[in-house]
Amino acid sequence: MNYAPNTEMRPAAVKNALMVGADAQVETLLLGVLKPDIWVVMSVPDNLAALAVARARAFDLIVTSDKTSGREDIELLRQIRQVRPHTRLIILAADGTPADVIMSMRERAFSYLSKPFSFDTLAEMIRLATEGPCWDDGIEVISGTPELIRILARCDVKTADRLVHFLDEIAELPDPEKSQVATAFREMLLNAIEHGGRLDPNQYVEIEYVRARHMVACHITDPGLGFRLDEAHHAAIANPTDDPLRHVVLREEQGMRPGGFGVLLAQQLVDELIYGQDGNEVLLIKYLDSAKPKSP
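Source: prediction; values computed, not measured.

1. Section: the packing of aromatic side chains
Inspection of every chain in the model, using the stated rule, returns 1 aromatic pair. Between the aromatic rings of phenylalanine 117 and phenylalanine 119, the centroid separation amounts to 5.3 Å while the plane-to-plane angle is 55°, which identifies the pairing as tilted. Its guanidinium or amino end placed over the ring of phenylalanine 110, arginine 162 lies 4.4 Å from that ring's centre, counting from NZ or CZ.

2. A look at helix α6 (residues 157-171)
Between its terminal C-alpha atoms α6 stretches 21 Å, which fits the 21 Å expected from 15 residues at 1.5 Å a residue. Summarising burial for α6: 12 of the 15 residues are buried, a large majority. Three or more residues of α6 are buried, namely Thr159, Ala160, Asp161, Arg162, Leu163, Val164, His165, Phe166, Leu167, Glu169, Ile170 and Ala171. Note on α6: the residue one or two positions beyond its end, glutamate 172, has a positive phi of about 50°.

3. Topic: the pattern of salt bridges
Counted according to the given criterion, the structure contains 9 salt bridges. Close ionic contact of lysine 67 with aspartate 23 constitutes a salt bridge, the shortest N to O distance being 3.9 Å. With lysine 67 in the loop between β4 (61-63) and α3 (70-83) and aspartate 23 in the loop between β2 (15-20) and α1 (24-33), this residue pair connects regions lying 44 residues apart in the sequence. Residue class for lysine 67 comes out exposed when judged on its relative accessible area of 58%. Classification of aspartate 23 by relative accessible area gives buried; the value is 15%.

4. Remarks on the packing of helix α7 (residues 177-196) against helix α9 (residues 262-269)
For the pair α7 and α9, interaxial distance at closest approach is 9 Å and the crossing angle is 155°. Classified by the interaxial angle, the pair formed by α7 and α9 is roughly antiparallel. Between α7 and α9 lies a crossing of left-handed hand. Counted together, Gln180, Thr183, Ala184, Glu187, Met188 and Asn191 of α7 and Gly262, Val263, Leu265, Ala266 and Leu269 of α9 form the full contact between these two elements. Grouping the amino acids of the contact of α7 with α9 by side-chain chemistry returns 6 nonpolar, 4 polar and 1 charged.

5. A closer look at the side chain of aspartate 222
Following the sequence through the fold, aspartate 222 ends up in the loop between β10 (215-221) and α8 (246-253). Of the polar contacts made by the side chain of aspartate 222, one reaches the backbone nitrogen of glycine 224; its length is 2.8 Å. When residues no more than four places from it in sequence are discounted, the contact partners of aspartate 222 are Ala192, Gly196, Val205 and Asn280.

6. Here we look at helix α5 (residues 119-129)
Of the positions making up α5, those classed as buried are Leu122, Ala123, Met125, Ile126, Leu128 and Ala129. In this fold, the buried residues of α5 make contact with α1, β4, β5 (89-93), β6 (111-114) and α6.

7. A few points about the sheet that holds strand β8 (residues 148-154)
One open sheet accounts for 6 strands, arranged β7-β8-β9-β10-β12-β11; its pairing is antiparallel. Two strands lie at the open edges of the sheet, namely β7 (139-144) and β11 (272-275), each paired on one side alone. Strand-to-strand twist of the sheet, defined as the mean angle between neighbouring strand axes without regard to direction, takes the value 15°. Alignment of strand β9 (residues 204-211) against β10, held across 6 bridges, turns out to be antiparallel. Within the sheet, the bridge partner assigned to tyrosine 209 lies in β10 and is cysteine 218.

8. Considering the environment of alanine 160
By the secondary structure assignment, alanine 160 is in helix α6. Once residues lying within four places of it in the same chain are set aside, the contact partners of alanine 160 are Leu189, Leu190 and Ile193.

9. Quick word on the environment of leucine 199
You can see leucine 199 is positioned in the loop between α7 and β9. Considering only alpha carbons, one finds leucine 199 and aspartate 156, 43 residues apart in sequence, at a separation of 5.3 Å. Residues within four places of leucine 199 in sequence aside, it is in contact with Cys155, Val157, Ile193 and Glu194.

10. A closer look at the side chain of arginine 88
Here arginine 88 shows up in the loop between α3 and β5. Salt bridges are absent for the buried arginine 88, whose nearest opposite-charge side chain, aspartate 60, sits at 6.8 Å. Reaching out from arginine 88, the side chain makes a polar contact with the backbone oxygen of alanine 129 at a distance of 2.5 Å.

11. Things to note about the environment of glutamate 147
Its location among the elements puts glutamate 147 in the loop between β7 and β8. Glutamate 147 sits in the partly exposed class, given a relative accessible area of 47%. Setting aside residues up to four positions removed in sequence, glutamate 147 forms contacts with Tyr209, Val210 and Arg211.

12. With respect to unusual backbone geometry
With omega at -10°, the peptide bond leading from lysine 115 into proline 116 counts as cis. On the secondary structure map, proline 116 appears in the loop between β6 and α5. Across the junction of aspartate 175 and proline 176, the peptide omega takes the value 5°, indicating a cis bond. With respect to the secondary-structure elements, proline 176 resides in the loop between α6 and α7. Non-glycine residue arginine 108 carries a positive phi angle of around 65°. For arginine 108, the location among the structural elements is in the loop between α4 (98-106) and β6.

How each quantity is defined
Residues numbered from 1 in each chain as written. Predicted model: local features only at pLDDT ≥ 70, side-chain atom pairs only at ≥ 80, totals over all residues. Heavy atoms only, no water. Phe/Tyr/Trp six-rings, centres within 6.5 Å; stacked < 30°, edge-to-face > 60°. Lys NZ or Arg CZ within 6 Å of the ring centre and 35° of its normal. Helix = DSSP H or I, 4+ residues; strand = E, 2+ residues; numbered from the N terminus. Expected span 1.5 Å × (residues − 1). Buried < 20%, exposed > 50% of the residue type's maximum accessible area, 1.4 Å probe, protein only. Salt bridge = Lys/Arg side-chain N within 4 Å of Asp/Glu carboxyl O. Axes fitted to C-alpha atoms, helices over the stretch in contact; angles between N-to-C directions. Parallel < 35°, antiparallel > 145°, perpendicular 65-115°, else oblique. Left-handed = near helix turned anticlockwise from the far one by under 90°. Contact = heavy atoms within 4.5 Å. Nonpolar A, V, L, I, M, F, W, Y, C, P; charged D, E, K, R; others polar. Polar contact = N/O pair within 3.5 Å; in protein donor to acceptor, adjacent residues only side chain to side chain. Pairing = 2+ DSSP bridges. Lys, Arg positive; Asp, Glu negative; His and termini not counted.

So, in structure tokens, the structure goes:
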């Protein structure tokens, strides 16, 4: 077991992180993101050693090795949580399938990244994992297969960011459709959480994701009373043509965060954006290239 060299002269109240495997890039990233005056970073060679040390002491964050499979790391998480129920574990997997990602969500992994993954995304997930109160009731899988998954998500922005990444791993879409769907989904999810759920962590939005042969669809239902698009003056979509930034002023006057472009952006990225009768549910549909009519 190796300790990072910056762990000397620590105050008594420190947080502990565990890294599985010897990956210099991941270790450098961990030591860069975690504040050295707060965190002690420890490393072990494999999952067996990780399980032994996690049973002996509590860790605030565990990052698995990207040399192991997703299923191996899910089993590690399952065993650790038998003795450490609220362990925050980020899975880095050598490979994985949508079914593995769904299983990791059921077992309440904090995040799942399969190769090749972005180190920027990993850094973001590490930061999210080290912030805020107990997180592991934030995402609940009601039912799930790679083709259709139904989820409840807590109404806070950090949970939304985690969920977007999980669904991005599940999607298995070609580029550029993958990034387009992820961006549009995030914008509509944030709208549901902020305006429908009022950023109340006691409230949840329901998400249904469907992956068909020639299309992908996301259905989002929030707990709010709904709204009419033509009455959403805080959104860019309601701006008159001669005043394209009117919503910016209105949002400032109402003390709202900068933004308001979500619906407008989503409309540009997906093929169908359909609101329900009461305005508290929205359906996003993206047709894949193979399903789109060919130009004459």
